[in-house]
Amino acid sequence: MYHDIKQNKSDLKSDYDISVAQLEEDVLVAKNGGVPCPVFTFDDGNKGSLIASSMLQENGIQGIFFIISNKIGDQGYLNHKEIVKIYRDGHVIASHSHNHPMFNKLSDESVNFELSRSKEVLEDMISDKVTKFAFPGGKRKKHHSTIARELGYEEIFNSFES
(Lines give C-alpha, C1' and ligand atoms only; values in the text may rest on other atoms or scores of the structure.)
Protein backbone atom coordinates (compact mmCIF):
# COMPACT_ATOMS: atom_id res chain seq x y z
CA MET A 1 0.00 0.00 0.00
CA TYR A 2 1.55 3.23 -1.18
CA HIS A 3 0.37 6.82 -1.46
CA ASP A 4 2.71 9.03 -3.45
CA ILE A 5 5.80 8.20 -5.48
CA LYS A 6 8.59 10.79 -5.31
CA GLN A 7 11.66 11.14 -7.51
CA ASN A 8 13.96 11.84 -4.55
CA LYS A 9 14.02 10.53 -0.99
CA SER A 10 14.28 14.14 0.22
CA ASP A 11 10.77 14.77 -1.20
CA LEU A 12 9.10 12.08 0.95
CA LYS A 13 6.44 13.66 3.19
CA SER A 14 4.93 10.69 5.00
CA ASP A 15 5.52 7.05 5.85
CA TYR A 16 3.19 6.18 2.99
CA ASP A 17 5.28 7.92 0.33
CA ILE A 18 8.03 6.03 -1.44
CA SER A 19 10.90 6.94 -3.72
CA VAL A 20 10.99 5.80 -7.34
CA ALA A 21 14.09 3.74 -6.52
CA GLN A 22 12.35 1.94 -3.63
CA LEU A 23 9.23 1.23 -5.72
CA GLU A 24 11.44 -0.14 -8.49
CA GLU A 25 13.11 -2.44 -5.96
CA ASP A 26 9.74 -3.62 -4.62
CA VAL A 27 8.46 -4.27 -8.15
CA LEU A 28 11.57 -6.28 -9.07
CA VAL A 29 11.32 -8.38 -5.89
CA ALA A 30 7.66 -9.12 -6.67
CA LYS A 31 8.34 -9.82 -10.34
CA ASN A 32 11.24 -12.16 -9.61
CA GLY A 33 9.24 -14.40 -7.30
CA GLY A 34 9.90 -12.75 -3.98
CA VAL A 35 6.18 -12.38 -3.35
CA PRO A 36 3.48 -14.73 -4.65
CA CYS A 37 0.61 -12.90 -6.38
CA PRO A 38 1.69 -9.38 -5.39
CA VAL A 39 -0.97 -6.70 -5.11
CA PHE A 40 0.28 -3.14 -5.42
CA THR A 41 -2.23 -0.55 -4.22
CA PHE A 42 -1.97 3.22 -4.37
CA ASP A 43 -4.22 5.45 -2.26
CA ASP A 44 -5.54 8.95 -2.90
CA GLY A 45 -4.80 9.52 -6.60
CA ASN A 46 -1.59 11.52 -6.22
CA LYS A 47 0.41 12.52 -9.32
CA GLY A 48 3.06 9.93 -8.42
CA SER A 49 0.54 7.28 -9.43
CA LEU A 50 1.55 7.95 -13.05
CA ILE A 51 5.09 6.79 -12.28
CA ALA A 52 3.76 3.70 -10.54
CA SER A 53 1.37 2.90 -13.38
CA SER A 54 4.13 2.99 -15.98
CA MET A 55 6.55 0.97 -13.87
CA LEU A 56 3.98 -1.71 -13.10
CA GLN A 57 2.87 -1.91 -16.74
CA GLU A 58 6.47 -2.33 -17.93
CA ASN A 59 6.83 -5.26 -15.53
CA GLY A 60 3.52 -6.94 -16.32
CA ILE A 61 1.97 -6.20 -12.92
CA GLN A 62 -1.52 -4.81 -12.45
CA GLY A 63 -2.02 -2.17 -9.76
CA ILE A 64 -5.11 -0.95 -7.94
CA PHE A 65 -5.43 2.84 -7.75
CA PHE A 66 -7.84 4.06 -5.06
CA ILE A 67 -8.96 7.56 -6.05
CA ILE A 68 -10.46 10.34 -3.91
CA SER A 69 -13.00 11.57 -6.44
CA ASN A 70 -13.32 15.11 -5.04
CA LYS A 71 -9.54 15.66 -5.43
CA ILE A 72 -9.45 14.85 -9.15
CA GLY A 73 -7.68 17.72 -10.92
CA ASP A 74 -6.49 19.42 -7.73
CA GLN A 75 -2.84 20.40 -7.44
CA GLY A 76 -0.74 17.30 -6.78
CA TYR A 77 -3.55 14.93 -7.77
CA LEU A 78 -4.38 13.09 -10.98
CA ASN A 79 -6.70 14.70 -13.47
CA HIS A 80 -9.42 13.03 -15.54
CA LYS A 81 -7.16 12.29 -18.50
CA GLU A 82 -4.44 10.75 -16.30
CA ILE A 83 -6.91 8.48 -14.51
CA VAL A 84 -8.24 7.24 -17.86
CA LYS A 85 -4.65 6.60 -19.00
CA ILE A 86 -3.93 4.50 -15.91
CA TYR A 87 -7.13 2.55 -16.54
CA ARG A 88 -6.28 2.03 -20.24
CA ASP A 89 -2.81 0.85 -19.23
CA GLY A 90 -4.56 -2.14 -17.63
CA HIS A 91 -4.81 -1.10 -14.01
CA VAL A 92 -7.84 -1.07 -11.74
CA ILE A 93 -9.46 2.25 -10.84
CA ALA A 94 -11.12 2.00 -7.45
CA SER A 95 -12.81 4.28 -4.93
CA HIS A 96 -11.22 5.83 -1.86
CA SER A 97 -14.39 7.89 -1.16
CA HIS A 98 -15.46 11.29 -2.42
CA ASN A 99 -13.93 13.52 0.30
CA HIS A 100 -11.64 11.13 2.25
CA PRO A 101 -13.40 11.38 5.64
CA MET A 102 -12.84 9.00 8.52
CA PHE A 103 -15.89 6.78 8.12
CA ASN A 104 -16.13 5.87 11.82
CA LYS A 105 -17.28 9.46 12.45
CA LEU A 106 -19.97 9.56 9.71
CA SER A 107 -23.70 9.01 9.76
CA ASP A 108 -24.99 6.22 7.53
CA GLU A 109 -26.41 8.89 5.21
CA SER A 110 -22.94 10.44 4.80
CA VAL A 111 -21.38 7.01 4.29
CA ASN A 112 -23.90 6.33 1.54
CA PHE A 113 -23.07 9.66 -0.12
CA GLU A 114 -19.29 9.14 0.06
CA LEU A 115 -19.54 5.66 -1.43
CA SER A 116 -22.13 6.35 -4.11
CA ARG A 117 -20.80 9.74 -5.28
CA SER A 118 -17.25 8.47 -5.70
CA LYS A 119 -18.46 5.39 -7.55
CA GLU A 120 -20.59 7.51 -9.86
CA VAL A 121 -17.77 9.98 -10.68
CA LEU A 122 -15.21 7.26 -11.37
CA GLU A 123 -17.55 5.03 -13.39
CA ASP A 124 -18.53 7.99 -15.55
CA MET A 125 -14.85 8.79 -16.07
CA ILE A 126 -13.64 5.32 -17.11
CA SER A 127 -16.93 4.09 -18.63
CA ASP A 128 -16.72 0.89 -16.62
CA LYS A 129 -17.80 -0.48 -13.25
CA VAL A 130 -15.90 0.44 -10.11
CA THR A 131 -16.10 -2.57 -7.81
CA LYS A 132 -13.35 -1.98 -5.26
CA PHE A 133 -13.28 0.41 -2.31
CA ALA A 134 -10.72 1.20 0.41
CA PHE A 135 -11.66 2.88 3.68
CA PRO A 136 -9.57 6.02 4.28
CA GLY A 137 -7.23 5.40 7.19
CA GLY A 138 -8.95 2.07 7.81
CA LYS A 139 -11.51 3.92 9.90
CA ARG A 140 -15.01 2.46 9.70
CA LYS A 141 -17.87 0.84 11.55
CA LYS A 142 -18.46 -2.85 10.84
CA HIS A 143 -21.74 -2.33 8.99
CA HIS A 144 -20.14 0.10 6.52
CA SER A 145 -18.83 -2.85 4.50
CA THR A 146 -22.44 -4.03 4.14
CA ILE A 147 -23.49 -0.59 2.89
CA ALA A 148 -20.63 -0.66 0.37
CA ARG A 149 -21.66 -4.09 -0.90
CA GLU A 150 -25.27 -2.96 -1.26
CA LEU A 151 -24.04 -0.10 -3.47
CA GLY A 152 -22.20 -2.50 -5.79
CA TYR A 153 -18.70 -2.73 -4.36
CA GLU A 154 -17.50 -6.32 -4.60
CA GLU A 155 -14.19 -5.99 -2.78
CA ILE A 156 -13.59 -3.88 0.32
CA PHE A 157 -10.05 -3.02 1.40
CA ASN A 158 -8.97 -1.85 4.80
CA SER A 159 -5.80 -0.96 6.64
CA PHE A 160 -4.86 -0.64 10.25
CA GLU A 161 -2.66 2.30 11.10
CA SER A 162 -0.56 2.28 14.22
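Just so it is clear, the structure is predicted and the values come from calculations on it, not from any experiment.

*Asks:* Can you help me understand the pairing of strand S3 (residues 40-44) in this one?
*Replies:* Of all 5 residues that make up S3, 5 are buried, and the element is covered over most of its length. Across 5 bridges, the pairing between S3 and strand S4 (residues 63-67) is parallel. If you follow Phe-40 over to S4, its bridge partner there is Gly-63. Crossover S3 to S4 through helix H2 (residues 49-58) is right-handed.

*Asks:* It is not clear to me how the packing of helix H1 (residues 20-31) against H2 should be interpreted in this structure. Could you clarify?
*Replies:* Two quantities define a packed helix pair, namely the angle between the helix axes and the distance between the axes. Axis separation between H1 and H2 bottoms out at 11 Å; the angle between their running directions is 30°. Comparing their axes, H2 and H1 come out roughly parallel. Of the two possible hands of crossing, H1 and H2 adopt the one that is right-handed. Residues Val-20, Leu-23, Glu-24 and Val-27 of H1 touch H2, and the partners they reach there are Ile-51, Ala-52, Met-55 and Leu-56. When the residues that make up the contact of H1 with H2 are grouped by side-chain class, the tally is 7 nonpolar, no polar and 1 charged.

*Asks:* Explain the packing of aromatic side chains to me, please; I cannot follow it from the model alone.
*Replies:* Centre distance and the angle of the planes are the two values used to describe a pair of aromatic rings. By the definition in use, this model includes 8 aromatic pairs. With centroids separated by 4.8 Å and ring planes inclined at 15°, the aromatic side chains of Phe-42 and Phe-65 adopt a geometry described as stacked. Placement of Phe-42 in strand S3 and of Phe-65 in strand S4 is noted, with a sequence separation of 23 residues between them. On the numbers, 5.4 Å between centres and 85° between planes, the contact of Phe-103 with Phe-135 is edge-to-face. You can see Phe-103 sitting in the loop between strand S5 (92-95) and helix H4 (108-126) and its partner Phe-135 sitting in the loop between strand S6 (132-134) and helix H5 (144-150), a full 32 residues away along the chain. Take Phe-103: its relative accessible area is 0%, and that puts it in the buried class. A cation over a ring is seen here: Lys-119 above Tyr-153, with NZ or CZ 5.3 Å from the ring centre.

*Asks:* Explain the side chain of Glu-82 to me, please; I cannot follow it from the model alone.
*Replies:* Mapped onto the elements of the fold, Glu-82 is located in helix H3 (residues 80-88). For Glu-82, a relative accessible area of 16% puts it in the buried group. Apart from the residues lying within four places of it in its own chain, the contact partners of Glu-82 are Lys-47, Leu-50 and Tyr-77.

Criteria and thresholds
- Residues numbered from 1 in each chain as written.
- Predicted model: local features only at pLDDT ≥ 70, side-chain atom pairs only at ≥ 80, totals over all residues.
- Heavy atoms only, no water.
- Buried < 20%, exposed > 50% of the residue type's maximum accessible area, 1.4 Å probe, protein only.
- Helix = DSSP H or I, 4+ residues; strand = E, 2+ residues; numbered from the N terminus.
- Pairing = 2+ DSSP bridges.
- Right-handed = clockwise from strand over helix to strand, strands pointing away.
- Axes fitted to C-alpha atoms, helices over the stretch in contact; angles between N-to-C directions.
- Parallel < 35°, antiparallel > 145°, perpendicular 65-115°, else oblique.
- Left-handed = near helix turned anticlockwise from the far one by under 90°.
- Contact = heavy atoms within 4.5 Å.
- Nonpolar A, V, L, I, M, F, W, Y, C, P; charged D, E, K, R; others polar.
- Phe/Tyr/Trp six-rings, centres within 6.5 Å; stacked < 30°, edge-to-face > 60°.
- Lys NZ or Arg CZ within 6 Å of the ring centre and 35° of its normal.

Geometric descriptors of this kind do not, in isolation, establish any biological role.
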